[in-house]
Amino acid sequence: MNNIHRQRADALATLIDDATRAGLLPPGAARPVQDVRPWPLVLMTAFGAWLAAIPLMLALGAALDSVIRSGPGAYIVAAIVLLAAVLLIRKRGVALFLEQMALPCLLVGGALLGYALYRDCSTQTASLLLCLACLVVAAALPRDWLRVLLGLVACGLLGLGIVDSTRDWIFENDPMQLYFAWMLALALWLGVHWLQKQAFNDGRGAPVAAFLESLSTGWVLAILLGLVFWSGMTFMLGGVVGGGFTGEVAREVTRHQGAAWYAQALNGVSLVLATAAAAWTGWRWPALRQLPAIGVALVLIMLAWCMPALGPVLLILAYCLTSGRSRVAVAAALAAAWILGSFYYQLTWPLASKAALLAAAGAVLCALSWLATRGAVLHLVESKPSGGPAQGRHVRLGVLTGLLLVLLVANVGIWQKEQLIAKGDAIFVALEPVDPRSLMQGDYMRLNFVNLGVLSTLASVERAPGRPLVVARRDARGVAELLRPYTKEALAPGEFLLELTPKDGNWVLVSDAWFFKEGEAARWEKARYGEFRVLPDGRALLVGMRGEDLQAL
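Residues numbered from 1 in each chain as written. Predicted model: local features only at pLDDT ≥ 70, side-chain atom pairs only at ≥ 80, totals over all residues. Heavy atoms only, no water.

## Here we look at the packing of aromatic side chains
Then step 1. Taken as a whole and judged by the stated rule, the model has four aromatic pairs.
Then step 2. Their ring planes at 45 degrees and their centres at 5.1 Å tell us that tyrosine 179 and tryptophan 230 sit as a pair that is tilted. Placement of tyrosine 179 in helix H8 (residues 175–199) and of tryptophan 230 in helix H9 (residues 206–231) is noted, with a sequence separation of 51 residues between them. We note that tyrosine 179, like tryptophan 230, is buried.
Then step 3. Taking the centre distance of 5.4 Å and the plane angle of 75 degrees together, the rings of tryptophan 189 and tyrosine 319 count as edge-to-face. Residue tryptophan 189 is located in helix H8, and its partner tyrosine 319 is located in helix H14 (residues 310–322); the two are separated by 130 residues in the primary sequence. Like tyrosine 319, tryptophan 189 is buried.
Then step 4. An aromatic cluster is present here, built from Trp189, Trp280, Trp283 and Tyr319 joined pairwise through their rings.
Then step 5. The ring of phenylalanine 496 carries the charged tip of arginine 474 above its face, separated from the ring centre by 5.2 Å. (Phe/Tyr/Trp six-rings, centres within 6.5 Å; stacked < 30°, edge-to-face > 60°. Helix = DSSP H or I, 4+ residues; strand = E, 2+ residues; numbered from the N terminus. Buried < 20%, exposed > 50% of the residue type's maximum accessible area, 1.4 Å probe, protein only. Lys NZ or Arg CZ within 6 Å of the ring centre and 35° of its normal.)

## Observations regarding the side chain of histidine 193
Then step 1. The topology assignment puts histidine 193 in helix H8.
Then step 2. Owing to a relative accessible area of 3%, histidine 193 belongs among the buried residues under this scheme.
Then step 3. Setting aside residues up to four positions removed in sequence, histidine 193 forms contacts with Glu213, Ser216, Tyr319 and Arg325. (Contact = heavy atoms within 4.5 Å.)

## Side note on helix H15 (residues 326–342)
Then step 1. Along its 17 residues, H15 runs 24 Å from first to last C-alpha, staying within 8% of the 24 Å computed at 1.5 Å per residue.
Then step 2. Buried residues of H15: Val328, Ala329, Ala332, Ala335, Ala336, Ile339, Gly341 and Ser342, and no others.
Then step 3. Buried-residue contacts for H15 involve H9 and H14. (Expected span 1.5 Å × (residues − 1).)

## Description of the pattern of salt bridges
Then step 1. This structure, assessed with the given rule, holds eight salt bridges.
Then step 2. In this structure, the salt-bridge partner of glutamate 481 is arginine 473, at a minimum N-O distance of 3.9 Å.
Then step 3. On the basis of relative accessibility, which here comes to 40%, the residue glutamate 481 falls in the partly exposed class.
Then step 4. Relative accessible area serves as the criterion here: at 37%, arginine 473 is assigned to the partly exposed category.
Then step 5. Arginine 528 serves as the salt-bridge partner of glutamate 548, at 3.7 Å between the closest nitrogen and oxygen. Of this pair, glutamate 548 sits in the segment after strand S10 (540–546) while arginine 528 is found in the loop between helix H21 (521–524) and strand S9 (529–534), placing the two residues 20 residues apart along the sequence.
Then step 6. Taking relative accessible area as the criterion, glutamate 548 reaches 49% and is therefore assigned partly exposed. (Salt bridge = Lys/Arg side-chain N within 4 Å of Asp/Glu carboxyl O.)

## Things to note about helix H4 (residues 73–90)
Then step 1. For H4, with 18 residues, the first-to-last C-alpha span of 26 Å sits near the 26 Å given by 1.5 Å per residue.
Then step 2. Listed as buried for H4 are Gly73, Ala74, Val77, Ala78, Val81, Leu82, Ala85, Val86 and Ile89.

## Let's talk about the sheet that holds S9
Two modes of strand pairing occur in sheets, parallel and antiparallel, and in both the strands are linked by backbone hydrogen bonds.
Then step 1. Strand order in the open sheet made by the six strands is S5-S3-S4-S1-S9-S10, with mixed pairing throughout. Of all strands in the sheet, those with a lone pairing partner are strand S5 (495–499) and S10, marking the two edges. Taken over all neighbouring pairs, the strand axes of this sheet differ in orientation by 45 degrees on average, direction set aside.
Then step 2. Relative to strand S4 (residues 479–485), strand S3 (residues 469–474) runs antiparallel, the two sharing five bridges. Each bridged residue has a counterpart across the sheet, and for valine 470 the counterpart in S4 is proline 485. (Pairing = 2+ DSSP bridges. Axes fitted to C-alpha atoms, helices over the stretch in contact; angles between N-to-C directions.)

Below you can see the structure in the form of structure tokens.
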């Protein structure tokens, strides 16, 4: 083992010498010193340093409270703390405990500087000055991961410094301002990479190039996060986060951000950036200059026209893929997937139109994939020897079997629902007042049935081993009254069972939502009863809404 390490060290030393003679590394470049301290020791020391730093900073804040609250004292203390933290991080051979103390000091110094700036300046000015401070501190630090974090914070502060500080920066800002902020940050990111390649692509500029690379990584991650936030909630996220605090925040952000995307200028910018991404990828990777790849690019460009956040993300993805920045490329791909999912909530489009567009895009991509496998016919890609007719038959048989299984499962579910509708008894359950906010979304109405709250509380999700049943009774009109949870007792004449369904930690009656076509909110706001079909075992299906006098809507 020692011989292997010695051979690797000699090979690295030879490589450094060759790179220095070729001018790729500056004179005197040496192998970086390896940290040989055991990681459990570093982790425990860091934990102890943070525990010691918290009461120390609280005591320091209490002692200097009068100095910090007003005047230049906050700036002086912040500068001293930041300078001490930077010196501790840069200094070699410092005790491990002091080294770990530098990180909380860095956070405290930055927070104190931010407090002073936002106290004395406008939000925009303070954000821009704090962004500049982050860049200065990042240039002074030798740690790449700290530079990445500071780059992310600096980019976020730049965006905050551009938007209107007189409004709520999360919910009330003009989407045009937010979009402009991220486009400016994207332009700066591309400019930094151009400068890095043109001016610091040699041995003398290697330290500057390394600094710019780390800083720009955090910068572009902030851009991706900003565009994801700006695009709104993605498809199915509401069902995943549920109805708690997280779900409400996600829906509020979507409601304010997603509804005002659609100025033609933003669509045009996204189209131009997506086209630039396709052209750049084709220029850097000539092998993609063929029909299937060009078709995929055209599909993405079309989608970028409909989704303004997609174009800049595709440009970031193309640049990072072609330059070997695989980790940032993965982040950009995830951001693009999020933005494609958020198209579902673009309320200026009817749901049917959105579905048709995405279905057409998927069909085109499938056709292009098929064409790409027929390289011998297109003469665009090299064809590989076939695995034989038997292998081809097996593949086709597997695809056909999978398709038949999907159709079988879907049709069995449809048949079961049709049987329930045909054989089930019709009942009606009264609704609580309709939630007007859900009606404003255009295709969705929250349902809250009378008396269900008490029953679902008694039959909580945590305590029920299976789906619980409730006992109900209907009057002469067929309107059901929910009475009590079912406990295997004998039912009285006129009573029947209803099965509950799990939803967000409680039980609901079949569903808590009624979906309808955009533009029909006025029709469904008159709903006063839900119409169900019920089988004797309690299984039920919501089939419609009824008005005040049980008339069909």
